[in-house]
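What follows is each chain in one-letter form.
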Amino acid sequence: MASRILASQRRVESIPQLLLPPFPTRGFSLRLKIAAVMLLIIGAVAVTAPWIAPYDPSAISPSDRLLPPNLDHLFGTDMFGRDLFSRVLYGASPTLQVALGAVIIGALPGLALGMIAGSKRGVFDQVVTQIADAWNALPGVLVALVMIAALGRSVVVLVLALGISSIPTFYRMVRAETMRVAAEPFVEAAVSLGACHRAVLMRHIIPNIAPSLLALVTISVGRMLLATSALSFIGLGAPPPSPEWGSLLAEGRAHMEQNWWLIWFPGATIAVTTFAIYLFGNSFRDSR
Amino acid sequence: MKYICRRLLLFVPTLLVLSFLVFVMLEMTPGSAASAVLDDASSGTAAAALCAQTRCDQPLLARYAGYLTDIVRGDFGVSARTGRDVGAELILRLPHTLIISAAAILVALLIGGFIGVIAAVNCGTKLDTAITVITSIGASMPTFWVAMLLVSLFAVRLHWLPVFGMGEGFSHYVLPAAAVALALIPGLTVLVRSSVIEVKQQAFISTAYGKGLASGHVYKRHVLPAAAVPIVTYVGMQSVHLIGTLVTIEVLFSLPGLGGLAVQAALDRDPMLLQGAVLLIATLTLCILLIVDIAVLLLDPRIRRESEY
């Protein structure tokens, strides 16, 4: 009986945040609602682009070159006569895919390594942390450059390069959080009650680092979005005519003096999407 | 002191590991531009010369060791595309990159620090909220987009500043440095704000006020030095991201800097040039991180005491 009470107390204490939503339940904060709505719209657009786009994004129409925004073409047309609005809509999916893919590739190893290093300490921790520090000194762009020089220019290389170069960030943060939680009394209690290492990780550490972890992952998606659009802009992203937002900006740059819409709309789309992602992630962090 | 020695000792191995990784990756380049330069009808001597230069008949580690000994002697190899000496190219381009990044960091520190302190002093008021909102909007804007907007406003419309390229005087550095600074400012402002708020809540600040010191004096001599440590660390960490931003800006403005060189080398599949550029950039980054760590140790006596356990 006593052990059952202890066990249930332990459960309640140690899984406070995974089951309960990581924001005050009295009411969703306004920030979170706005961000969630924006993200839902953007996600829906990315998925349904082929159905809601008014034109084919690759449809070249020389007679309609460089038209300013009008009722027919909401965002205007580019130098080949392609409708910019459709291109932006179609570009949501590849852009977001690269950003999410890079975060997944970076977060999973970083998470695993960080938790092991943070909870076990010792030689493993020191060695991996040194490697992570060294790896952190290489900017993602450089890693992408080297990989593209070696493996050619493609979306997969981009995702890999950005993901790999972001592993140390996740590793460091997860490790710090794990060390913080591992110092808590209830973890010590669990260990002295005989919990094996895996149980401690699953039942105590993960639930308690989850909120800040979620915040970091979300904010990383935003950062990756900016990074992938920057790399596409330089010319290292998906090859044309992919309507990735960074590529759209690169294409529009040559004609931007007379045709403001070529860079205003794709750039604003990137900014708005990133803003929504940041807002969403920040509301996690602030409502712990 | 022990910490500094340990960091210094680790500097060279870290650099070696990084250079080896880059070397290995570039070894995988299938058919580099070098072989494209040599056409089919080229004589055996040209092919033999290229083989001698790249040591293609030796195993990987021997090639890497040879590369290292060459670097120590100052020979970074020859660009496969233009045939020019890589070391000379790097030295030509280094000053531009350094000037832009130094200017951008300075401007960002000044403006970001100023706005951050204002936000912290007026913590909780509408001004603070406004500043926070504006900085988060600014943080979500891609740097190259902001740069293009700046170009279209200042260079094209107003003709105040040149559009791209290099030339006489500093006017060509202004827009790129401004764009990079604008990328740094939001993060810096948020950090300065939270750091100053945290310091203000500490006991020694209320002691200072209790002693009757003027508000300005308290800020200058007590708050800011204490708040400086996380800011310095942040600047160090951001220098890594700064390189990425610099690359984009240099390509955008067609500036002859290290970043643009690296991109060109990557797209041209020019291994020696890319290797040299990446190595130089990585060295600079590691140096900055080391300097920042030492500066933090010097700035805050508490960390100094803690580190000697």
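Residues numbered from 1 in each chain as written. Chains lettered and ligands numbered in written order. Predicted model: local features only at pLDDT ≥ 70, side-chain atom pairs only at ≥ 80, totals over all residues.

Colleague: Before we go on, may I ask you to explain the overall build of chain B in this structure?
Modeller: The helix and strand inventory of chain B stands at 13 helices and zero strands. Element order for chain B, N to C, with α for helix and β for strand: α-α-α-α-α-α-α-α-α-α-α-α-α. Taking contacts inside chain B between residues at least 6 apart in sequence as the whole, the part at least 24 apart equals 72%. (Helix = DSSP H or I, 4+ residues; strand = E, 2+ residues; numbered from the N terminus. Contact = placed C-beta atoms within 7 Å.)

Colleague: Would you mind going over the environment of Thr 228 of chain A with me for this structure?
Modeller: All names here are of chain A. On the secondary structure map, Thr 228 appears in helix H9 (residues 197–234). Owing to 31 C-beta atoms within 10 Å, Thr 228 belongs among the buried residues under this scheme. In sequence terms Thr 228 and Ala 238 are ten residues apart; their C-alpha atoms lie 9.9 Å from each other. If near-sequence neighbours (up to four positions away) are discounted, Thr 228 is found in contact with Thr 95, Val 98, Ala 99, Ala 102, Leu 158, Leu 162, Gly 237 and Gly 246. (Buried ≥ 20, exposed ≤ 12 C-beta atoms within 10 Å, placed from the backbone.)

Colleague: Would you mind going over the interface of chain B and chain A with me for this structure?
Modeller: The extent of an interface is frequently quoted as the accessible surface area lost upon association of the parts. Listed per partner, the contact involves 40 residues of chain B and 34 residues of chain A. When residues of the side of chain B that touches chain A are assigned to their parent elements, the largest contribution, eight residues, is made by helix H12 (residues 271–299) of chain B. Of the residues contributing to the side of chain B that touches chain A, the split by class is 30 nonpolar, nine polar and one charged. (Nonpolar A, V, L, I, M, F, W, Y, C, P; charged D, E, K, R; others polar.)

Colleague: In this structure, what is going on with helix H11 (residues 258–267) of chain B? I would like to understand it.
Modeller: Because an α-helix completes one turn every 3.6 residues, residues spaced three or four positions apart along the sequence face the same direction. With respect to burial, H11 of chain B is a largely interior element, eight of its ten residues being buried. If you check which residues of H11 of chain B are buried, you get Leu 258, Gly 259, Gly 260, Leu 261, Ala 262, Val 263, Ala 265 and Ala 266 of chain B. If you follow the buried residues of H11 of chain B, they end up packed against helix H6 (140–151) and H9 of chain A together with helix H5 (86–121), helix H10 (215–253) and H12 of chain B. Once H11 of chain B finishes, Arg 269 of chain B follows within two positions and takes phi at roughly 55°, a positive value.

Colleague: In this structure, what is going on with the packing of H11 of chain B against H12 of chain B? I would like to understand it.
Modeller: All names here are of chain B. Two elements in contact, H11 and H12, have axes whose closest approach is 8 Å; the angle formed by their N-to-C orientations is 145°. Pair H11 / H12 crosses with left-handed handedness. Packed against H11, whose contacting residues are Leu 258, Leu 261, Ala 262, Ala 265 and Ala 266, the element H12 presents Leu 273, Leu 274, Ala 277, Val 278, Leu 280 and Ile 281 at the interface. Its residues placed into classes, the contact of H11 with H12 shows eleven nonpolar, no polar and no charged. (Axes fitted to C-alpha atoms, helices over the stretch in contact; angles between N-to-C directions. Left-handed = near helix turned anticlockwise from the far one by under 90°.)

Colleague: Is there a simple way to explain the confidence of the model for chain A in this structure?
Modeller: Any residue range with low pLDDT should be treated as having predicted coordinates unsuitable for detailed reading. Scored by pLDDT, chain A has a mean of 80; 89% of the residues are at 70 or more. Predicted confidence is poor over residues 1–27 of chain A, with pLDDT under 50, and the contacts of this stretch with residues over four places away or in other chains come to 28 contacts. (pLDDT = per-residue confidence, 0-100.)

Colleague: In this structure, what is going on with the nonpolar core? I would like to understand it.
Modeller: When a protein is soluble and globular, its nonpolar side chains tend to lie buried together. If you look at the biggest cluster of nonpolar residues, it comprises 153 residues, and the most contacted ones within it are Ala 144, Leu 145 and Val 146 of chain A together with Val 180, Ala 262 and Leu 274 of chain B. Here Ala 144 of chain A is in contact with Leu 158, Ala 161, Leu 162, Leu 231 and Leu 236 of chain A, once residues within four sequence places are set aside. (Core = buried A, V, L, I, M, F, W, Y, C linked by C-beta atoms within 7 Å.)

Colleague: Honestly, the environment of Gly 118 of chain A in this entry has me stumped. Any pointers?
Modeller: Residues and elements named next belong to chain A. Note that Gly 118 resides in helix H4 (residues 84–120). Among the residues examined, Gly 118 registers 24 C-beta atoms within 10 Å and is labelled buried. Taking the C-alpha atoms as reference points, Gly 118 and Pro 139, 21 residues apart in sequence, are found 24 Å from one another. Beyond its immediate sequence surroundings of up to four residues, Gly 118 is in contact with Val 174, Arg 175, Thr 178, Met 179 and Ala 182.

Colleague: Would you mind showing me how to read helix H5 (residues 123–136) of chain A here?
Modeller: All names here are of chain A. Here H5 contains 14 residues, and its C-alpha end-to-end distance of 20 Å stays within 8% of the 20 Å for a straight helix at 1.5 Å per residue. If you check which residues of H5 are buried, you get Ala 132, Ala 134 and Trp 135. Taken end-on, H5 shows its buried residues confined to a sector of 160°, consistent with a single buried face. (Expected span 1.5 Å × (residues − 1). Arc of directions from axis to C-beta.)

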